[in-house]
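Coordinate inspection notes
Each chain is listed here by its residues.
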Amino acid sequence: MQIPVEGFMYPNEVELQWSVLIVLYPFLTGLVAGAFILASLERVFRVEAVKPTYRLALLTALAFLIVAPLPLQLHLGHPERSFEMYLTPHASSAMSMFGFVYLWYLLAVLVLEIWLDYRRDIVVLSQTTTGWRRLLYRMLTLGSTNVSARSLAIDERVGWIVTVIGIPSAFLLHGYVGFIFGSIKANPWWSSPLMPVVFIFSAMVSGVATVMLLYMLLNRLRGEPIDMRCVDTVAKYLFYTFIIDFSLEMLDLIHRIYEADESFRSLDFMVHTKLYFPHIVVQILLGTVTPIVLLALTQVVKLSETLRRRIYVVAGILTLVGIFAMRWNVVIGGQLFSKSFLGYTTYKMGWVTREGLLTAIVLSILPVVFLWILVKLLPPWPERHTVTETAGD
Amino acid sequence: MAAVFLVGVLAFLGLRGLLVPRSFGQYGHYRGDAIKEIAALPVSYAGHQVCEGCHTEVLDVKSKGMHKGVACESCHGPQAKHADDPAAVQPAKLDTAVLCVRCHAANSSRPKNFPQVGAAEHSGGEACNTCHQPHSPAMVAGGSQ
Amino acid sequence: MTRRQLLILLPAAAVAWEHILAGTPEASPNYTMSEHWWGMLMDITKCIGCGSCVRACQLENHVPDGYYRTWVERYQVLDWTVETPHVDSPDGGKNGFPPPKEVGGKNFFVPKMCNQCADSPCTQVCPVGATFVTPDGVVLVDQKYCLGCRYCVQACPYGCRFINPSTETANKCTLCYHRITKGLTTACCEVCPTGTRQLADLKNPKDPIHEFLKNHSVQVLKPHLATKSKCFYYGLDGSVR
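The structure displayed is predicted, hence computed values, not measured ones. (Residues numbered from 1 in each chain as written. Chains lettered and ligands numbered in written order. Predicted model: local features only at pLDDT ≥ 70, side-chain atom pairs only at ≥ 80, totals over all residues. Heavy atoms only, no water.)

Some thoughts on the state of the cysteines
Which entries qualify depends on this criterion: Any two cysteine sulfur atoms within 2.5 Å of one another count as a disulfide. Think of it in three bands: residues with accessible area under 20% of the maximum for their type are buried, residues over 50% are exposed, and the middle band is partly exposed, with areas taken using a 1.4 Å probe on protein chains only.
By the definition in use, this model includes zero disulfides over all chains. Looking at the unpaired Cys50(C), the closest cysteine sulfur is the one in Cys103(B), lying at 4.2 Å. In this structure Cys149(C) is a free cysteine whose sulfur lies 6.2 Å from that of Cys152(C), the closest cysteine sulfur available. According to the relative accessible area criterion, Cys149(C) is buried, its value standing at 8%.

Pasting the structure below:
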C-alpha cells in the first residue's frame, strides 16, 4: 500500500497514527460533557425553562459516555494491557488521567446523579411492573426503597451537591482531552494553551445541540407537543456558547496568522489545499458561521414557531457536522504535515478494518441504541406517562 | 453507597499490589527488568576487533591501505555467527560491482573530497577487484600511489 | 468490544501477563549503568550517504521494512533559500542516493536517529511507564508493557518512533543498548566507513567526545524545543529540520 506523499516527510511519519476512531473519541466525550453541563444548568442555576430536557440530557450523557472508551480500546495495539493505565498511571502523562477521570465521572457523577434523580421512579416502577422488569428495578433500587418526603429531600440535596461537583468534572473530562493535544510541543498544529478551552466550549456546543435535537425528535415520535419555551431557551444557550467557541477559535487562528512562526508557511499551505474542504468549507463556513447566523436570526427577528423549529433543526445538525469536522481537522489535520514542515502525507481510511469507517459508524450508532434502552428503562418524561403515584412505603 | 466505593478502592489497591510487575519502580516509573531484557538481546555485528583477532593477515594489509577506517562488516555484512563458529558459517562471496559503488559512485551530493568515480567509464565494465585490492585499494600496481 | 472478543482476549491477556510478571533478569556483567551517559556525535561534513548505517541497523535490530530507527536525509540548498531546502530520503537512504535531479547549490547528507533526549517528550507522555530514560541515558521501550496507544509517536519532534506492525507496540532506536552494554559500539557506528557517526559516553572522561566538543561548534536538532538532545551535530546547516 503506497501512501501518496507530497514534498518530504520523515520516513516514519508517512503512516498516520491516530485514525478516525480518535476523531470519534473527543466527539463523543464532547457530547457527554456538553449534555451534562446543559443538565446542570437546570439543577444548579435553576433555569426552569430547560427542565423538560434535564433527564434526557443526563441519559444522553450516560449513553455516550458508555461508548466513549470503545474507540480508544479498539485503536490500541494491545487492548488487553489497557488496565495498566489503572495500575501504573504515569503522573506526567495527560493520557494516564483518562482512566481515573472517566471512572470518576461515570460512577461518582453521572450514574450517581441519575440514580438519585430516578430513585423514586425506580421504586415506583419496581412495585408496578412485573416479571424480569420488576426484578431489574428491584436491583436498581439497591435496597433503598424509602421514598418519604424527607428522604426525597435528602436525594435532592445530595443530587445538587453531585451536580456541583459534576460541572468541574465535566470540564475536566473534556478539558483534559484538549490538553492531550494542546500539550504536544512537537506538533504546532496542536500545541496551544487555548486547545483545552476550545475543546470545552465546542463540547458544550455539540452537547447542547444534541440534546436539543433529541428532545425535538423524541417528542415528535411520541406525538407530544414541543415545549417551545424550553427549546427557545436551549437554542439561546447554544447561540451564546457557540459565539464564545467561535471567538476562541478565531483568536487562535488570528494569533497563528499574525505570529507566523516557523510552522506557519507549512500549515497555511495545508489549510489551503488538503484541509480546505474539511476546515474552511465544512468546519468554518457550514458548521460554524451558518448555524450562528441562523441562530442569530431567531434571536433578532420574530419568527413563527414552525419556522423557528425548522431553523433549530437545521442549525443543530449543521452544528454537529461542524464540531465533528473540527475534531477531524484537529486529529487528522495534525498528522498530515511533516514535523520537518517540508511535506504532507495522506490519510487513507480503511473500510472494514479494525480502525475503519464501518467501525466508526457502528460506534456512532451504538450510543443511540444505548440511549433508546435507557429511555425505555428510565422514561425521562413527566409522571403522567409512568404510572401514577400509588406507592409509598 | 460509600461502602461500595470503599470496597471498590480496597479491591483496586489489593489487585494493584498483585498485578504490578515486581521490578516496576526499581529505577523509575517503569519495569526495571525491561532494561535487562533489552541488554540481553543477541548481537549480529560482531565488531571489527573480533574479526581482526583471527584474520590478522587481512588486518595487516588493510591497516596500511586507504580502507583502514572501513570496518570488516561494512563490506562483509553481519558476521557474528561466522565469528562464533567459522567452520559452520561461511560469509557470502561479495560482488564488487555492487559493493564498491555504494560508497564510490560519483554523486554531486557527496562531499567533494571523497574519492568518487563514474563507475562505468572508470572500470570499463570490469570488476573493481581486477585492478584494486579490496582490502587495500590504492596500492595495486598502476593504482594512484 | 464484543463479549466474544473479550472471552478470547482475557485468557490471552492472562498468559501475556504471566510472562511480563516473570521477567528475564540477565544482567550484562561488568557493566554499571551509573558510570555511563550515552550520546552520539554526527559529523555531517563526512557523511557520504552510502546508507550502510541504515542497513546495519535494520539487520542488527530486525527493523521491519518501511520503518526506520535511523535514516539518512539528503539536503540540497539552492542559493539563499534556507527556508525551503530540497530534501529526500528514498527508503530512508538504505540503498544510497541517486544523483540529484538538479546539480548545484549546497549539498549534504544528514543521518537521523533517536536523539536520546534527556528531557524526552516521548517518555513524558507515556500513560503507563512503558518507555523511559535509563539511568545511563538511553530512551527505551518496554515491548512487553507498551499499550500501543501511539501517543509517544505523536510526541517525538524528530519522527524517530513508529509502531512495529508485528508487535503492535512502539519501537525506536535503542542506541544498540544490547551492544553498548557489552562493550561494543552501535551497529551504525560500527559500519560507518567515514567516522561520521561516533558513539559517545559523556561520563567517560577519556572519551574523545570531550575534546571534540571543546574545539568545535556543535548543534542539536530543534534546539528551541529544549529536549536536551544528546545527539550532537557538527557542521549542521540552518536549513536542517
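Looking at unusual backbone geometry
As a reminder of what qualifies: Each helix corresponds to a stretch of at least 4 residues labelled H or I by DSSP, and each strand to a stretch of at least 2 residues labelled E; elements are numbered beginning at the N terminus.
Of note in the backbone geometry, Phe341(A) takes a positive phi value of approximately 60 degrees without being a glycine. You can see Phe341(A) is positioned in the loop between helix H13 (333–336) and strand E2 (343–344). The class of Phe341(A) is buried, set by a relative accessible area of 7%. The phi dihedral of Ala226(C) falls on the positive side, at around 50 degrees, and the residue is not glycine. Relative to the assigned elements, Ala226(C) resides in the loop between strand E10 (218–219) and strand E11 (231–234). Given a relative accessible area of 48%, Ala226(C) falls into the partly exposed group.

Description of the confidence of the model for chain A
What counts is decided by this rule: The quantity called pLDDT is the predictor's confidence in a given residue, expressed from 0 to 100. When checking whether two residues touch, look at their non-hydrogen atoms; a contact exists if any pair is within 4.5 Å.
Here chain A shows a mean pLDDT of 90. Residues at 70 or above account for 97%. Scored below 50 in pLDDT, residues 384–393 of chain A makes 17 contacts in the model with residues more than four places away or belonging to other chains.

What to know about the sheet that holds E10(C)
All names here are of chain C. Test applied: Pairing between strands requires that DSSP locate at least two bridges from one strand to the other.
The four strands lie next to each other as E9-E1-E11-E10, forming an open sheet whose pairing is mixed. The open sheet terminates on both sides in strands that have one partner only, identified here as strand E9 (197–201) and E10. Pairing of strand E1 (residues 38–43) with E11, which is carried by four bridges, proceeds in the parallel orientation. What sits directly across from Leu41, in E11, is Phe232.

Some points on the layout of surface pockets
Put simply, the rule reads: Site definitions follow a grid-based scheme: protein atoms alone, a 1 Å grid, a 1.4 Å probe that fits but cannot get out for cavities, and for pockets an open set with protein on both sides within 12 Å along at least five of seven lines, plus lining residues having an atom within 4 Å of a point. Grid points are joined across faces, edges and corners, and a volume is the space filled by probe spheres set on the points. Here the nonpolar group is Ala, Val, Leu, Ile, Met, Phe, Trp, Tyr, Cys and Pro; Asp, Glu, Lys and Arg are the charged ones; every other residue, Gly included, is treated as polar.
Of the voids in this model, the second largest pocket is the one considered here, and its volume is about 1,100 Å³. What lines the second largest pocket is a set of 40 residues, and nearest its centre among them are Gly7(A), Phe8(A), Met9(A), Asp88(C) and Ser89(C). Among the secondary structure elements, those contributing two or more residues to the lining of the second largest pocket are E2 of chain A together with strand E2 (70–77) and strand E3 (86–88) of chain C. Split into classes, the residues belonging to the lining of the second largest pocket amount to 19 nonpolar, twelve polar and nine charged.

Considerations on empty space enclosed by the protein
Counted by the stated rule, this structure contains nine cavities of 30 Å³ or more. In this structure, the largest cavity encloses a volume near 290 Å³. In terms of lining residues, the largest cavity is bounded by 17 residues, among which Glu249(A), Asp252(A), His279(A), Gln283(A) and Val330(A) are the most central. Counting only elements with at least two residues in the lining of the largest cavity, the list comes to helix H8 (194–221), helix H9 (228–259), helix H11 (276–300) and helix H12 (305–331) of chain A. For the lining of the largest cavity, the element with the most residues is H9(A), which contributes five residues. Here the lining of the largest cavity is composed, by residue class, of ten nonpolar, four polar and three charged. Considered as a void within the structure, the second largest cavity measures approximately 190 Å³ in volume. If you trace the second largest cavity, you find 17 residues lining it, with Glu13(A), Gln17(A), Lys339(A), Val153(C) and Gln154(C) closest to the centre.

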